[in-house]
Amino acid sequence: SGMFTYDPGFTSTAACQSAITYIDGEQGVLLHRGYPIDQLAEKSSFMEVSYLLLNGELPNQAELEKFNSTIMRHTMLHEQLSTFYRGFRRDAHPMAVMCGVVGALSAFYHDSTDITDPTQRMIASHRLIAKMPTIASMAYKYSVGQPFMYPQNELSYTGNFLRMTFGVPAEPYLINPIVERALDRIFILHADHEQNASTSTVRLAGSSGANPFACIAAGIACLWGPAHGGANEAALNMLREIGRPERIPEYIARAKDKDDPFRLMGFGHRVYKNFDPRAKVMKETAQEVLDDLGISDPVLDTARELEQIALKDDYFIEKKLYPNVDFYSGVILNAIGFPTEMFTALFALARTVGWIAHWNEMISDPEQKIGRPRQLYVGATQRDYVPVGQR
Ligand code: CMC
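Note that the coordinates shown come from a computational prediction; the quantities given were computed from them, not determined experimentally. (Residues numbered from 1 in each chain as written. Predicted model: local features only at pLDDT ≥ 70, side-chain atom pairs only at ≥ 80, totals over all residues.)

(A) Expanded view of the overall build of the protein chain. The helix and strand inventory of the protein chain stands at 17 helices and three strands. For a compact globule of 391 residues, the expected C-alpha radius of gyration is about 21 Å, and the protein chain comes in at 22 Å, within 12% of that figure. Taken over the C-alpha atoms alone, the protein chain extends approximately 75 × 60 × 50 Å along its principal axes. When the 391 residues of the protein chain are sorted by exposure, 42% land in the buried category. Relative to all contacts within the protein chain whose residues are 6 or more apart in sequence, the contacts with residues 24 or more apart total 76%. (Helix = DSSP H or I, 4+ residues; strand = E, 2+ residues; numbered from the N terminus. Rg over C-alpha atoms; globule rule 2.2 N^0.38 Å. Buried ≥ 20, exposed ≤ 12 C-beta atoms within 10 Å, placed from the backbone. Contact = placed C-beta atoms within 7 Å.)

(B) Region of the structure containing the pairing of strand β2 (residues 29-32). Burial of the side chains of β2 is restricted to one face: Leu30 and His32 are buried, whereas none of Val29 and Leu31 on the reverse face is. Across four bridges, strand β1 (residues 21-24) lies against β2 in antiparallel orientation. Among the inter-strand pairings, Tyr22 is bridged to a residue of β2, identified as Leu31. The antiparallel pairing of β1 with β2 creates a hairpin that spans four residues between the two strands, and Gly28 there sits at a positive phi of about 70°. In this sheet, strand β3 (residues 35-36) lies alongside β2 in antiparallel orientation, the contact comprising two bridges. Following the sheet pairing, His32 is matched in β3 by Tyr35. Between the end of β2 and the start of β3, which pair antiparallel, lie two residues, with Arg33 showing a positive phi angle near 50°. (Pairing = 2+ DSSP bridges.)

(C) Quick look at unusual backbone geometry. Residue Glu194 is not a glycine yet carries a positive backbone phi of 40°. Within the fold, Glu194 resides in the loop between α8 (177-190) and α9 (197-207). Under the C-beta neighbour-count criterion, Glu194 is labelled partly exposed, with 17 such atoms within 10 Å. Located in the positive-phi region is Lys320, a residue other than glycine, with phi close to 55°. You can see Lys320 is positioned in the loop between α15 (314-318) and α16 (325-336).

(D) Structural detail: the packing of helix α7 (residues 157-166) against α8. At a closest axis distance of 9 Å, the pairing of α7 and α8 adopts a crossing angle of 110°. One element, α7, and the other, α8, form an angle in the roughly perpendicular class. Contacts between α7 and α8 involve Thr158, Gly159 and Leu162 on the former and, on the latter, Val179, Glu180, Leu183, Asp184 and Phe187. By residue class, the composition of the contact of α7 with α8 is four nonpolar, two polar and two charged. (Axes fitted to C-alpha atoms, helices over the stretch in contact; angles between N-to-C directions. Parallel < 35°, antiparallel > 145°, perpendicular 65-115°, else oblique. Nonpolar A, V, L, I, M, F, W, Y, C, P; charged D, E, K, R; others polar.)

(E) Representation of the site of the ligand within the structure. Residues in close proximity to the ligand total 20 residues, the closest being Ala231, Arg263, Phe267, Gly268 and Arg270. Of the residues belonging to the shell around the ligand, the class tally is eight nonpolar, eight polar and four charged. (Near = placed C-beta within 6 Å.)

(F) Representation of the packing of α9 against helix α17 (residues 343-364) in the model. The interhelical angle for the contact between α9 and α17, taken along N-to-C directions, is 40°, at an axis separation of 9 Å. Our classification of the angle between α9 and α17 gives oblique. Crossing hand, α9 versus α17: right-handed. Packed against α9, whose contacting residues are Ser198, Thr199, Val202, Arg203, Gly206 and Ser207, the element α17 presents Arg351, Gly354, Trp355, His358, Trp359, Met362 and Ile363 at the interface. Across the contact of α9 with α17, the residue classes tally to five nonpolar, six polar and two charged. (Left-handed = near helix turned anticlockwise from the far one by under 90°.)

(G) Here's a closer look at helix α11 (residues 231-242). In this model α11 runs 16 Å from its N-terminal to its C-terminal C-alpha over twelve residues, within 8% of the 16 Å that 1.5 Å per residue would give. In terms of residue burial, α11 counts as a mostly covered element, since nine of its twelve residues are buried. Looking only at α11, the buried set comprises Ala231, Asn232, Glu233, Ala234, Ala235, Leu236, Met238, Leu239 and Ile242. The elements touched by buried residues of α11 are α12 (248-256), α14 (298-311), α16 and α17. The positive-phi residue at the C-terminal boundary of α11 is Gly243, with phi of around 75°. (Expected span 1.5 Å × (residues − 1).)

(H) Region of the structure containing the nonpolar core. Core analysis: the largest hydrophobic core is formed by 102 residues, its most contacted members being Met98, Val102, Ile216, Ile220 and Leu346. If one sorts the elements of this core by residue count, α17 sits on top with 13 residues. Look past the residues within four positions of Val102 in its chain and what remains in contact with it is Ile135, Phe213, Ile216, Ala217 and Ile220. (Core = buried A, V, L, I, M, F, W, Y, C linked by C-beta atoms within 7 Å.)

(I) Examining the UniProt feature "active site" (unreviewed entry) in the protein chain more closely. UniProt marks His269 and Asp326 with the feature "active site" (unreviewed entry), using the numbering shown here. In summary, the annotated positions, though distributed over 58 residues, converge in three dimensions, the widest C-alpha pair being only 10.6 Å. Position of His269 among the secondary structure elements: in the loop between α12 and α13 (277-293). Tracing the backbone through its elements, the reader meets Asp326 in helix α16. (UniProt positions renumbered as here; feature names shortened; annotations may be inferred.)

Right, dumping it as structure tokens:
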């Protein structure tokens, strides 16, 4: 039927109106509520950016302090939730654990699942932002066989997450301010990215009136894929596999070979066709963190060299393929001490703010309807049922 516009991958369909994030893919521009991403990454904090995404304006000092203390007050998980972890194998992927535990939150916080009540929506939003670090760090602790660490609310959002992940009850944990700042910056760079696949998933799930915890679990499931959030894990694994600069040409050749499904992970983007402004900040931060920690990581050298070679190659030039946010983030997370399996869980932690901002925007939109895409039917025409013995 010619009634519908056929647009696989939604490359040219605007599914909603939104006032949260602006992207100009040709110019490499990314603005959150009007503010350029590089300014936010350099000067702001993840808590401030979270407030901005949720409320539309930067907070003043008093508003920021109140927001911070509200978020930090919600960091604990219902104690019963810790038993969920023990049901998983120790080698479970943290994203599998996150899908399950976040989905289960709606069974514990009944007082914030009525989406018609703005106060309940706000409490659910705060709970999700506050509990994601606790949930992600517990997934890590379970995998390494160490005791879960309770949050400490006088720490910063990101400092508390570092302590819950890398601290142990047996000794005090000293937060390295450079590491804390770098991770906070990574969170800022991942906080939102308009109607990407996982955000669209959250909106679509939410359009039916499903509760916010269930919607964010849907977003986590979508983010897991290697074409989306899973790319940071895949990119570092690829750089490790390449191992040394001499082997780069072999991988470039594979990426260009149409008979080989291999792609350069951390390269290319649906919207950015010039450069990814987040990748620029990420590359600088990678150097800073490695310098500060006194690490010389051959993976960073391989990444830089690969970027250089690819940017001069006709295939990548013609298809406008550039490093994306995930190309350098893995190098930093690896230097901080996160195993690759945790990378996408950290992306989910940071993106929860964007997801919940979009979910709130959608629910408050008077034009909001259940999402219900149409299709071009290409199957069999009507035919009569034939009993099994006559087929
Ligand atoms: N390596 C080699 N070739 C590539 C790559 C790549 N990384 N990315 C795209 N191409 C080619 C692709 O084969 C296609 O060639 P042709 O026109 O000959 O068929 C052309 O470039 C256009 O690619 P596409 O798949 O049609 O473009 P898309 O907009 O649907 O996909 C993408 C965008 C990000 C999924 C894709 O570039 C990709 O798979 N990249 C690797 C995974 C990755 O790094 N993802 C993270 C994206 S940023 C963070 C996030 O979204 O979570």
